[in-house]
Every structure is written in structure tokens, then in C-alpha cells.
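# Structural description and commentary
Each chain is listed here by its residues.
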Amino acid sequence: MSRLLTEIRHNPLLWLLAFVPAVLAGEKLAPEAHTLLFVLSILAIVPLAALLSHATESVAAKTGDTVGGLLNATLGNLTELVIALTALQAGQYMLVKASIAGAIVTNTLFMLGASFLLGGLKYHVQEYNRGSARLQAGLLFLATVALLVPSAVPESDSATGAAFTQELSVGLSVLLIATYGLGMLFSLKTHRELFASAEAGESGEAPWPMGLALATLAGVTVLVALVSEVFVESVQEAAVAFGMTPAFVGFIVVALVGGAAEMAAAFSGARKNRLDLSVGIALGSASQIALFVAPVLVLLSYVIGPTPMSLQFWPGAVVMVLIATLTATLVTNSGRSAWFVGVLVLAVYLIFAMTLYLLPPR
């Protein structure tokens, strides 16, 4: 604990942790001050993301970048899961689907592209294990196919058409979860030697003890979930004040804030020439959302939702997810990266963000 307090004392960014109790108190005392809560929640998530990044790097130093990336992706996706569960219980299925598709696109394009750019600005060329990247891209492509098929079925108002979509969604959800589990077995157990890190990267400062790192991961994940819930409750009203469209908020803003913790770890890993960790977090998080979080939400909608939710997304979201998957597959095929590769990937993301920001409301 003394080591954690020393880290907070010497890192000015972590002084922003004072906003964590401030936003939680503000939510109790002034729940109608949506714009203020929106700003406070963003200021609170930034230092929590930095802490989560440091703890994840300490765990990765002991377990390897493959397991470290998977652990960070899993804990980071708890935020998205909490956000989606809150919306699921309220029956806001459009917000749930927007956050799922937005998280996949943001992790695949923004997080991956920014990691390539930040690492490339410091190192001429960086290498990573392309086998691991290709596995994650393959899993992501499978999930995209599963999202594409229900969306390609002609919409029908009849009870028969709706029942078909629900049954297909449940079957696809079970298939995706099973495939994700087998993918983890393949990469972490039966063929783990194929997914070793390409480079050791910088040693940097001494990692935290495993007990402190795991305790920090658990505690910070809970705080991120609490602050994110305040953020989601305030973001819609604050968006009106800032002139943002609902599509932009659901697809871009919620995804960026929800993935802040993962992004901090990914960007830090890239700057330390540990691109395997960055690629593992970015693509691992995206494939986990697509193959695990989304199917679990479909199944849970039968328990906690007012009505069952399907995997039928609107065509624009499916197209963006498909393009993001193909982009990731294309740029990770060589196992090498430079700064301009990051620029190209970020440009695709900015095209989507610009379109959604300027999209007129229906």
C-alpha cells in the first residue's frame, strides 16, 4: 500500500483521483446537474485508467504480454458490460447495440491505430507476433459474420419473422461463446508457444508485487464501473448541451470513455516497445466484446430485459464493424508496424466519427 501511495504522490496525473469521490458525491447531491457530472466523470476516469495501466503492466511482466493483454481486455470490458447491463434492464436496446458496435470499432481502429502511431513515433519499426494478431482478427471476423447474417434477413413484422430472428440470435450467441472459449484454450493452453511476444521491450521501472497489482486491478475496476454508470446517466443530457448527435454519443463518446483504461495500458505498452501487449489489448478486447459480451447480453435479456434482444443490428453499424475488421486484418498481416500505419488506421476511424457527428437526427 505504501508503494501505491508513493506512486500517487509522485505522479501529478494521479492527483485527479480526487475527482472520484467528487463525482460519486455529486451524483447523490445534484443528480440533475448532468453537464457537471459528465465533465467530472471524465476527469475521474483518466487517473483510474492510468492506475489500471500500471497494474496491468506489472501483471504482464510476470505472466507475459499475451496473458497480460487478455487480463486487461477482460477487466476493461467489465465497464462496457456494466454500461450495457444498465441499459438492458431499462430496455434501451438501441443504446446497448450502439455501445457494442462502437466498442468493437473503437478498439479495432482507434486503440490499434493510436498504438501504432505512438510507438512508431519513438521507434523506427516495431515488431509483434502476427500469429496472435491473426487469431484475434479471425475471431473478430467470425463475430462480424454472426452480426451480418441476422441483419441481412429481411425485416418482418410478423410473429413468425420475429420468432425466427430470436431463435437465430440465441443459436448464434451459444456458438460464439463456445468458439471464444475454444480460442482461449488454443492460445493459452494447447498452442501457447505460437503466441510468445516478438520482443521483450523496455524493462522500465520495477513492476509492482503481484498481490498489489491484482488488488489494484480489482479495486480500480469497481471504481471505473461506478464512475462509468454516472457517466452514462449524464451523457445524453450533456450531449445536447455540447451539440452532439445521439449516434455520435453512443458509438464514439461512450466507447472512448468506456475503453479509457484499456487505452492507457495499450498506449503505454506501445511507447515501451511492447507492441504485443498493445495489439493483444486492442484486438483481444474487440473480439471479446463481439464473441462474449454481445452474446451474453442476448442471453441475459431473457432474464433481466423487458423483452428478448436479438443480434440484429442496423446496416450502418454492421458495415462499420465489417470495415474495421478487414482493416485490422490487413494491417496486422505482416507483424511489423511504423507510425504511418497508425495514421492510416486512425483515418478510417475519423471517417466514421465525422460521419456520425454530422449525421442529421431522425
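Relevant structure appears above.
Remember, it's a predicted structure, so these values are computed and weren't measured experimentally. What you see as residue numbers is a count from 1 along each chain, following the sequence as written. Note on the predicted model: pLDDT of at least 70 is required for a residue's local features to be given, and 80 or more for side-chain atom pairs to be given and counted; whole-chain, interface and lining totals, by contrast, use all residues. Each side-chain value is derived from all of the structure's non-hydrogen atoms; neither hydrogens nor water enter the calculation.

Convention adopted: a line fitted to C-alpha atoms gives each axis, helices being fitted over their contacting stretch, and angles between N-to-C directions are expressed from 0 to 180 degrees. Helical segments are the DSSP runs of H or I of at least four residues, strand segments are the runs of E of at least two, and each set is numbered from the N terminus. Running from N to C, helix H5 (residues 93-122) and helix H12 (residues 315-331) cross one another at 30°; their axes reach a closest spacing of 9 Å. Our classification of the angle between H5 and H12 gives roughly parallel. Crossing geometry of H5 relative to H12 is assigned as left-handed. Counting all contacts with H5, which are made through Ala101, Ile104, Val105, Thr108, Leu109, Leu112 and Phe116, the residues of H12 involved are Ala317, Met320, Val321, Ala324, Thr325, Thr327, Ala328 and Val331. Residue classes in the contact of H5 with H12 are distributed as 12 nonpolar, 3 polar and no charged. Should an angle fall under 35 degrees it is taken as roughly parallel, and over 145 as roughly antiparallel, whereas 65 to 115 is taken as roughly perpendicular and any remaining angle as oblique. Crossings are sorted by hand: turned counterclockwise from the far helix by less than a right angle, the near helix makes the crossing left-handed, and turned clockwise it makes it right-handed. The contact criterion used throughout is that any non-hydrogen atoms of two residues lie within 4.5 Å. Residues were grouped as follows: Ala, Val, Leu, Ile, Met, Phe, Trp, Tyr, Cys and Pro as nonpolar; Asp, Glu, Lys and Arg as charged; and all remaining residues, including Gly, as polar.

With that out of the way, let us pick up empty space enclosed by the protein. It is the rolling of a water-molecule-sized probe over the atoms that shows where space remains empty. Using a 1 Å grid laid over the protein atoms alone, points where a 1.4 Å probe fits but cannot get out form a cavity; open sets with protein on both sides within 12 Å along at least 5 of 7 lines form a pocket; any residue with an atom within 4 Å of a point counts as lining. Grid points are joined across faces, edges and corners, and a volume is the space filled by probe spheres set on the points. Going through the model one piece at a time under the given rule, you end up with 2 cavities of 30 Å³ or more. Counted as a void, the second largest cavity has a volume near 40 Å³. Lining the second largest cavity, in full, are Glu80, Ala84, Ser99, Ile100, Ala103, Ile289 and Val293. Looking at the lining of the second largest cavity, the elements with two or more residues in it are helix H4 (65-89), H5 and helix H11 (275-304). Residue contributions to the lining of the second largest cavity peak at 3 residues, all from H5. For the lining of the second largest cavity, a count of residues per class yields 5 nonpolar, 1 polar and 1 charged.

Here we come to the environment of valine 230. In this structure, valine 230 sits in helix H8 (residues 210-242). It is 7.8 Å that separates the C-alpha atoms of valine 230 and phenylalanine 38, two residues lying 192 residues apart in sequence. Contact partners of valine 230, with chain neighbours within four places excluded, come to Val23, Leu24, Glu27 and Leu37.

Before going further, it helps to spend a moment on the side chain of glutamine 126. Within the secondary structure, glutamine 126 sits in strand S1 (residues 126-127). Accessible area is worked out with a 1.4 Å probe on protein chains only. A residue is then buried under 20% of its type maximum, exposed over 50%, and partly exposed in between. The class of glutamine 126 is buried, set by a relative accessible area of 0%. A distance of 3.1 Å separates polar atoms of two side chains, one belonging to glutamine 126 and the other to asparagine 273. Among residues more than four places away in sequence, those in contact with glutamine 126 are Phe116, Gly119, Gly120, Ala270, Asn273, Leu275, Gly335, Arg336 and Ser337. Any N or O atom pair separated by 3.5 Å or less is treated as a polar contact, with the protein-specific requirement of one donor-capable and one acceptor-capable atom, and with residues adjacent in sequence counted only for side-chain atom pairs.

The phi dihedral of asparagine 273 falls on the positive side, at around 60°, and the residue is not glycine. Counting through the fold element by element, asparagine 273 comes out in the loop between helix H10 (260-271) and H11.

For helix H6 (residues 130-152), which comprises 23 residues, the first-to-last C-alpha distance of 32 Å matches the rise-based estimate of 33 Å (1.5 Å per residue) to within 8%. Between a side-chain oxygen at the N-terminus of H6 and the backbone nitrogen of glycine 131 the separation is 2.8 Å; the capping residue is asparagine 129. What a helix should span is 1.5 Å times the count of its residues minus one.

Within helix H2 (residues 19-29) the residues assigned to the buried category are Val20, Val23 and Gly26. What you see down the axis of H2 is that its buried residues fit within an arc of 130°, all on one side. What points out from H2, more than 90 degrees from its buried face, is the exposed set Lys28 and Leu29. Starting at the helix axis, one direction is taken to each C-beta atom, and the arc is that of these directions.

Any two aromatic rings considered together are summarised by their centre-to-centre distance and by the angle between their planes. Pairing of aromatic side chains here covers Phe, Tyr and the six-membered ring of Trp, requires ring centres within 6.5 Å, and sorts the geometry by plane angle: under 30 degrees stacked, over 60 edge-to-face, intermediate tilted. Applying the stated criterion across every chain, the model contains 8 aromatic pairs. Between phenylalanine 110 and phenylalanine 267, the ring centres sit 6.3 Å apart and the planes meet at 70°, which makes this aromatic pair edge-to-face. Of this pair, phenylalanine 110 sits in helix H5 while phenylalanine 267 is found in helix H10, placing the two residues 157 residues apart along the sequence. In this structure an aromatic cluster arises from ring pairing among Phe110, Phe267 and Tyr349.

All right, on to the environment of serine 268 then. Within the fold, serine 268 resides in helix H10. Counting along the chain gives 150 residues from serine 268 to leucine 118, while the straight-line C-alpha distance between them is 8.8 Å. Leave out the neighbours within four places in its chain, and serine 268 touches Ser53 and Glu57.

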